[in-house]
Amino acid sequence: NRRWVLVSRPHGKPACDNFRLETTSVAPPGEGQVLLRTVYLSLDPYMRGRMNDEPSYAPAVALGDTMVGGTVCRVVSSRHPQFREGEWVLAYTGWQTYALSDGEGLVKLGDSPAHPSWRLGVLGMPGFTAYMGLLDIGQPKQGETLVVAAATGPVGATVGQIGKIKGCRVVGVAGGEAKCRYAVEQLGFDACIDRHATDFSQQLADACPKGIDIYYENVGGKVFDAVLPLLNTSARIPVCGLVSGYNATQPPEGPDRLPLLMATLLKKRIRMQGFIIALDYGRHVDTFLREMTAWVQAGSIHYREDITDGLENAPEAFFNMLEGKNFGKVIIRVSDD
Ligand code: NDP
């Protein structure tokens, strides 16, 4: 077995020396266990938080432990009555090539699923996050303006496309011209603004002539600063993620924006609500899967992956994602089918 363990905690940006690639032996499954081989590993922004030893909604990865993460695996051998050799499963076995499991939490995907890796993206945790955050908290209505950043990632791309299905004007924010073009031409967004543009705030305002009714918050920082003055009365803000700040070591420069935020929320009667998908919405997962599968099959929702081969490349792919160098859902192909 090869596995990436966390050996030190980053201050600011994570680096290669926070991890170590170890080789360990693979034990055969005991009674009631299955041995899993990782085929796909999902890399997600929340993993940055797991590297910190501070109170959060989920415990930190302990030093010396394998980095956590969602995986799609195949059963290599089984001494568990409910699993057979060769089956595909959705698991949470982390950054490693093999893992033993007692079956708890495994989701069966059958013998030959069409796109197994999609269960880590549009048909998995990020897709579910987009779906619940937008529909339950965002409450999109026909003709409203929806803004979403990280617009070509698995959450943002799905949010924007559901927004189109619900009849919204959808304005994305993404890093770079290629991503913006993709959001408009392939995902059907009405506009997408490059967050690196010097006149970004002005371009965003121009793209939202009727203001913003829903701001699906994925990034925080400068994007939120540009959004705040454009928010309409009764706007909704699902607070999903704040990726611009995940590597921050100190508060942002400039004046304290909290009083302006509070006054805006008050005067415009805005609803801003955080959520953690795994804690808040588990009971809706079947409804999500049914509806999202239908949308994907009908071609109403497109999905793009950014796949890197080899477990050894996981840290670099992870760092790149935090800086926006990914283009689509970040997946590591750990082994062949
Ligand atoms: P992405 O694949 O979209 O990757 C993150 C993206 O964030 C980058 O590609 C980049 O896109 C953008 N980004 C990075 N730095 C900055 C910055 N300084 N300013 C603005 N944008 C930046 O990730 P996901 O789709 O997986 O996740 C999106 C968000 O959803 C994250 O904040 C994540 O933490 C959150 N999330 C929350 C969950 C919950 O339960 N609340 C569950 C799952 C995800 P670009 O360069 O194109 O701007």
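Looking up the protein chain in an unreviewed UniProt entry gives the name NADP-dependent oxidoreductase, with the organism given as Tenebrionicola larvae.

**With respect to unusual backbone geometry**
Phi at Gln139 is positive, roughly 50 degrees, even though this residue is not glycine. Note on Gln139: 15 C-beta atoms within 10 Å, which makes it partly exposed. Positive phi is not limited to glycine here, since Arg269 has a value of about 50 degrees. Tracing the chain through its elements places Arg269 in the loop between helix H7 (258-267) and strand S13 (271-274). Judged by C-beta crowding, with 9 C-beta atoms within 10 Å, Arg269 ranks as exposed.

**Considerations on the site of the ligand**
Lining the immediate environment of the ligand, one finds 31 residues, of which Gly153, Gly175, Gly241, Ser244 and Gly324 sit closest. Looking at which element gives the most residues to the shell around the ligand, the answer is helix H3 (residues 154-165), with 3 residues. Counted by class, the shell around the ligand contains 17 nonpolar, 11 polar and 3 charged residues. Formed jointly, the shell around the ligand draws a minimum of three residues from each of two domains, domain 1 (2-121 + 304-333) and domain 2 (125-278).

**Let's talk about H3**
Spanning 12 residues, H3 covers 17 Å between terminal C-alpha atoms, matching the ideal 16 Å at 1.5 Å per step. A large share of H3 lies buried, amounting to 10 of its 12 residues. Pro154, Val155, Gly156, Ala157, Thr158, Val159, Gly160, Gln161, Ile162 and Gly163 are the residues of H3 that are buried. Those residues of H3 that are buried are in contact with helix H2 (125-138), strand S8 (145-149), strand S9 (169-174), helix H4 (177-185), strand S11 (212-216) and strand S15 (329-333). Two residues or fewer after H3 comes Gly167, characterised by a positive phi angle close to 90 degrees.

**Describing the UniProt feature "domain: Enoyl reductase (ER)" (unreviewed entry) in the protein chain**
According to UniProt, the positions carrying the feature "domain: Enoyl reductase (ER)" (unreviewed entry) are residues 15-332. Across residues 15-332, helical content stands at 29% and strand content at 24%; the span's end C-alpha atoms are separated by 18 Å.

**Brief notes about the packing of H2 against H3**
The packing of two helices is summarised by the inter-axis angle and the distance between the axes. Relative orientation of the contacting elements H2 and H3 amounts to 45 degrees, with a least axis distance of 8 Å. Our classification of the angle between H2 and H3 gives oblique. In the packing of H2 onto H3, the handedness of the crossing is right-handed. Residues Pro126, Gly127, Thr129, Ala130, Tyr131 and Leu134 of H2 lie in contact with H3, whose contacting residues are Pro154, Val155, Thr158, Val159, Ile162 and Gly163.

**Comments concerning the sheet that holds strand S12 (residues 231-239)**
The 6 strands lie next to each other as S10-S9-S8-S11-S12-S13, forming an open sheet whose pairing is parallel. The open sheet is flanked by strand S10 (191-194) and S13, the only strands paired with a single partner. Mean inter-strand twist for the sheet, computed between neighbouring axes without regard to direction, equals 15 degrees. Sheet topology note: the S9/S10 ladder contains 4 bridges and is parallel. Counted as the bridge partner of Val173 is Ile193 from S10. Across the sheet, helix H5 (residues 200-207) touches S9 and S10, and the angle it forms with S10 is around 170 degrees.

**Quick look at the domain arrangement of the protein chain**
Domains assigned within the protein chain are domain 1 (2-121 + 304-333) and domain 2 (125-278). With centres defined by C-alpha atoms, the gap from domain 1 to domain 2 works out at 29 Å. Between domain 1 and domain 2, the contact holds 15 residues from the first and 14 residues from the second. Taken together, the residues of the side of domain 1 that touches domain 2 break down into 4 nonpolar, 7 polar and 4 charged.

**Digging into the environment of Val39**
Take Val39: it is sitting in strand S3 (residues 34-42). Separated by 49 residues in sequence, Val39 and Trp88 place their C-alpha atoms 9.3 Å apart. Beyond its immediate stretch of four places on either side in the chain, Val39 contacts Val72, Cys73, Arg74, Pro116, Val334, Ser335 and Asp337.

**A word on the environment of Ala205**
Mapped onto the elements, Ala205 comes out in helix H5. Note on Ala205: 17 C-beta atoms within 10 Å, which makes it partly exposed. Sequence separation between Ala205 and Leu230 is 25 residues; the distance between their C-alpha atoms is 6.9 Å.

The rules behind the values
- Residues numbered from 1 in each chain as written.
- Predicted model: local features only at pLDDT ≥ 70, side-chain atom pairs only at ≥ 80, totals over all residues.
- Buried ≥ 20, exposed ≤ 12 C-beta atoms within 10 Å, placed from the backbone.
- Helix = DSSP H or I, 4+ residues; strand = E, 2+ residues; numbered from the N terminus.
- Near = placed C-beta within 6 Å.
- Nonpolar A, V, L, I, M, F, W, Y, C, P; charged D, E, K, R; others polar.
- Domains from an automatic or database assignment.
- Expected span 1.5 Å × (residues − 1).
- Contact = placed C-beta atoms within 7 Å.
- UniProt positions renumbered as here; feature names shortened; annotations may be inferred.
- Axes fitted to C-alpha atoms, helices over the stretch in contact; angles between N-to-C directions.
- Parallel < 35°, antiparallel > 145°, perpendicular 65-115°, else oblique.
- Left-handed = near helix turned anticlockwise from the far one by under 90°.
- Pairing = 2+ DSSP bridges.

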